[in-house]
Structure formats: structure tokens, C-alpha cells
Amino acid sequence: MFQRLCLPALVIALLVGCGVSEDNWIEDSAKSSCKFTKRCDTATFWATHDDVDACIDSTITLLHENDEYYSTCIYDSDSAKQCLKALDASCKSAGADYEELFAPCLTVYDCGGDGADGT
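Let me sum up the structure you'll find in this document. (Residues numbered from 1 in each chain as written. Predicted model: local features only at pLDDT ≥ 70, side-chain atom pairs only at ≥ 80, totals over all residues. Heavy atoms only, no water.)

Next up on the list: the overall build of the chain. Secondary structure summary: the chain contains eight helices and two strands in total. Ordering the α and β elements of the chain from the N terminus gives α-α-α-α-α-β-α-α-α-β. Scored against the burial criterion, the 119 residues of the chain give a buried share of 24%. Counted over contacts in the chain with a minimum sequence separation of 6, partners at least 24 positions apart contribute 67%. Accessible surface computed for the chain: about 8,300 Å², of which carbon and sulfur atoms make up 56%. (Helix = DSSP H or I, 4+ residues; strand = E, 2+ residues; numbered from the N terminus. Buried < 20%, exposed > 50% of the residue type's maximum accessible area, 1.4 Å probe, protein only. Contact = heavy atoms within 4.5 Å. Areas by Shrake-Rupley, 256 points an atom, 1.4 Å probe, with all protein chains shown as cover.)

Here it is, written out as C-alpha cells:
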């Protein structure tokens, strides 16, 4: 009986604890972006990276270079969730609805701009 109660509690705890947050945004977005690029832009992926882990590492390094810029911006977790969902879309959907699908990725951080240039 105890084991049957613990398993659902553990699953719920993992789901709640693993949500998208500002603390894990860089790592989550790097992983999703690299997997999307490998899936939907394969030639560019292999021309640029040796494997997914190398892509993730270089993307994380690149994103951390902007830490100071984003330190004064406001993180929007809803946009982050929608952006990760977009990166999980089929290649066909991504190509057909690119601007609409990936618009939330431009608003993950509100840095006081209008969002037209990613700020």
C-alpha cells in the first residue's frame, strides 16, 4: 500500500520540480534548440557540431555570454514554455508557421523593447 502511494507522489514531485524556470532556461533552451536543429536543419547541425552534447555545450557558453545584458530583464515563464513547445514542433509545422510559432522565443525576456528585434 505504501509503495502505491509513494510512486504517484514521486511522479508529481518530479513534474513540479522540473518545470521551466529562469534558473534552468539556458540549459533547457540549449537542449531543445540543438535537438530541433539536428532534426530540422540537419546539414547545418553536422557542419557546425560533432554531436548533440557538443552543440548543447557551445550553445550554453554562447548564451551565458549574455548574462549581464539579461540581468535587468524580466523573465516570462509562459513565453519560455511556449518557446520550448515550438522547438518540439514538427519540422513541417515549424517551416509553415515559423514566425507565429517562434514568436514566444523573442519574448522570454522583456528588456524594455518592443520585441521586434528580440528585446
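With that settled, consider the nonpolar core. Membership of the largest hydrophobic core comes to 13 residues, with the highest contact counts inside it found for Trp-25, Tyr-75, Leu-87, Phe-102, Val-108 and Tyr-109. Looking at this core, the elements with two or more residues in it are α2 (25–40) and α6 (77–87). Counting seven residues, the second largest nonpolar core, distinct from the first, contains Cys-34, Phe-45, Ile-56 and Ile-60. (Core = buried A, V, L, I, M, F, W, Y, C linked by side-chain atoms within 4.5 Å.)

Right, let's talk about α2 for a bit. Between its terminal C-alpha atoms α2 stretches 22 Å, which fits the 22 Å expected from 16 residues at 1.5 Å a residue. Along α2, the residues that are buried comprise Trp-25, Ile-26, Asp-28, Ser-29, Ala-30, Cys-34 and Phe-36. (Expected span 1.5 Å × (residues − 1).)

As enumerated under the stated definition, the model contains four disulfides in all. Across a sulfur-sulfur distance of 2.0 Å, Cys-34 and Cys-55 are joined as a disulfide pair. Across the disulfide from Cys-34 to Cys-55, rotation about the S-S bond amounts to roughly -85 degrees, and the bridge is consequently left-handed. In this pair, Cys-34 sits in helix α2 while Cys-55 sits in helix α4 (residues 52–64), placing the two residues 21 residues apart along the sequence. Across the pair, Cys-55 and Cys-34 agree in class, each one buried. At a sulfur-sulfur separation of 1.9 Å, the disulfide partner of Cys-40 is Cys-91. Negative torsions about the S-S bond denote left-handed disulfides, and the value of about -85 degrees found for Cys-40 with Cys-91 makes this one left-handed. Taken together, the residues span a long stretch of sequence, with Cys-40 in helix α2 and Cys-91 in helix α7 (residues 91–96) at a distance of 51 residues. (Disulfide = S-S within 2.5 Å.)

That is the geometry; function is a separate question.
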